[in-house]
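# Architecture at a glance
If you want the building blocks of each chain, they are given just below.
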Amino acid sequence: MPLTTWIAGATGLTGGILLNRLIADIQYQPVIAPTRRDLAPAPGLQNPVNPNILDGISPYTSCDHAFCCLGTTIKTAGSKPAFHAIDHDLCLDFARLAHTSGCRHFLLISAIGANPGSRIFYNRTKGQLEQALRQLSFPRLSIFQPSLLLGQRPQFRLLEELGQKAVKLANPILHGPLSPYHPIPTATLAAAMHHTAQTAPIPDQPVTRIYQYKQIIAHASA
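To keep things clear, this report deals only with the structure shown in the data block. (Residues numbered from 1 in each chain as written. Predicted model: local features only at pLDDT ≥ 70, side-chain atom pairs only at ≥ 80, totals over all residues. Heavy atoms only, no water.)

### Things to note about the layout of surface pockets
So the rule is basically this: Only protein atoms enter the 1 Å grid used here, on which a cavity is any set of points holding a 1.4 Å probe that cannot leave and a pocket is any open set flanked by protein within 12 Å on both sides along at least five of seven lines; residues with an atom within 4 Å of a point are listed as lining. Grid points are joined across faces, edges and corners, and a volume is the space filled by probe spheres set on the points. Side-chain classes are defined by residue name, with Ala, Val, Leu, Ile, Met, Phe, Trp, Tyr, Cys and Pro counting as nonpolar, Asp, Glu, Lys and Arg as charged, and the others, Gly among them, as polar.
Taken as a whole, the second largest pocket holds about 160 Å³ of empty space. The wall of the second largest pocket is formed by L3, Q27, H65, R104, H105, P139, R140, A197, Q198, T199, A200 and P201. Taken together, the residues of the lining of the second largest pocket sort by class into 5 nonpolar, 5 polar and 2 charged.

Listed below in structure tokens is the structure:
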């Protein structure tokens, strides 16, 4: 049976790749992608456009799977409160809408180091979001915690460019306890999310599962 699927963040780097995978998969019909600007039309895609993406998706009252690929940086957002409004509040509000619409599997892009008690604002924000999502009690919650994401963004981000080069140089030592810090191509993360959503849950596995570098690579290539 086709699955009604929501995806937030479809104009982002990972979200755009994931959107194309979902559209090409006949299992996902329709794919509902709320955005602030128009997406290219495609069969099976419904693209409500609204300055507030939640207003665009509110009329849809059915959801089987939901993918949250929303995210920004403190620099892009302009301040810590503005960053928190997107990477925590907007993501959580999207999840609440999905939950009330019957979502059976919620999939989130978070980050390695997410911890609600962290002294680092970025990690604390991500951890607080994960904590709040657990409390919604989705039948199934998949949280992806990549390190640096590799890909060509439309806008140049100097710190990310420098970070990508630095982590690539450090790759030879990212083993054992450091393996979760391997950079991951955005296409690999999108493939892992798609495959995870397609895969039936293993009996007796936890409702919430965390996917870091090794698990992301394994699911992307499965």
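Moving on from the model shown.
### Some points on the nonpolar core
Rules: Only buried residues count toward a nonpolar core, which is a set of Ala, Val, Leu, Ile, Met, Phe, Trp, Tyr and Cys residues joined through side-chain atoms within 4.5 Å. Burial classes: relative accessible area under 20% of the type maximum marks a residue as buried, over 50% as exposed, and values in between as partly exposed (1.4 Å probe, protein chains only). Each helix is a run of H or I in the DSSP string that is no shorter than four residues. Each strand is a run of E no shorter than two, and both are numbered from the N terminus. Throughout, a residue-residue contact means that at least one pair of heavy atoms, one from each residue, lies within 4.5 Å.
Grouped together as the largest cluster of nonpolar side chains are 27 residues, with contacts concentrated most on I7, L18, L19, F67, F144, L189 and M193. Breaking this core down by element, the ones donating at least two residues are β1 (3-8), α1 (13-24), β2 (28-32), β5 (105-109), α7 (186-198) and α8 (213-220). Discounting residues that sit within four places of it in the chain, F67 has contacts with T5, W6, I7, A8, L18, L22, F94, L107, M193 and A197. Counting 26 residues, the second largest nonpolar core, distinct from the first, contains L54, F94, F138 and L141.

### Things to note about the packing of aromatic side chains
Let me state the cut-off plainly: Each aromatic pair joins two rings of Phe, Tyr and Trp (for Trp, the six-membered one) with centres within 6.5 Å, and gets the label stacked for planes under 30 degrees apart, edge-to-face for over 60, and tilted for any other angle.
Applying the stated criterion to the full structure yields 7 aromatic pairs. Look at F83 and F121: their rings are 5.9 Å apart centre to centre, the planes differ by 55 degrees, and that puts the pair in the tilted class. You can see F83 sitting in helix α4 (residues 80-100) and its partner F121 sitting in helix α5 (residues 121-135), a full 38 residues away along the chain. Across this residue pair, the class does not change: F83 and F121 are buried.

### Quick word on the state of the cysteines
As a reminder of what qualifies: We call a pair of cysteine sulfur atoms a disulfide when they lie within 2.5 Å.
Within the structure shown, the criterion is met by 0 disulfides. For the unlinked cysteine C69, the closest cysteine sulfur is that of C68, found at 6.9 Å. For C69, a relative accessible area of 12% puts it in the buried group. With no disulfide of its own, C91 lies 3.6 Å from the sulfur of C68, the closest cysteine sulfur. A residue is classified by how much of its surface remains accessible, and C91, at 1% relative accessible area, is buried.

### With respect to the sheet that holds β2
Using the following cut-off: Here the rule is simple: two strands pair whenever DSSP picks up at least two bridges between them. To get an axis, fit a line to the C-alpha atoms, keeping to the stretch in contact for a helix; angles then go from 0 to 180 degrees between the N-to-C directions.
In space, the 7 strands of this open sheet follow the order β3-β2-β1-β4-β5-β6-β9, with parallel pairing throughout. At either margin of the open sheet sits one strand with a lone partner, and together these are β3 (45-46) and β9 (208-211). Across 4 bridges, β1 lies against strand β4 (residues 65-68) in parallel orientation. Residue pairing across strands places T5 opposite H65, the latter belonging to β4. Contacting β5, β6 (141-144) and β9, α5 crosses the sheet at an angle of about 175 degrees to β5.

### Concerning the packing of α1 against α7
Heads up, the rule is: Orientation is classified from the angle alone, with under 35 degrees giving roughly parallel, over 145 giving roughly antiparallel, 65 to 115 giving roughly perpendicular, and any other angle giving oblique. Helix crossings get a hand from a simple test, with the near helix turned counterclockwise from the far one by less than a right angle marking a left-handed crossing and a clockwise turn marking a right-handed one.
At a closest axis distance of 9 Å, the pairing of α1 and α7 adopts a crossing angle of 45 degrees. Judged on the interaxial angle alone, α7 and α1 are oblique. Seen from above, α1 lies across α7 with right-handed handedness. Contacts between α1 and α7 involve L13, T14, I17, L18, R21 and L22 from the former and T186, A187, L189, A190, A191, M193 and H194 from the latter. Within the contact of α1 with α7, the residues separate by chemical class into 9 nonpolar, 3 polar and 1 charged.

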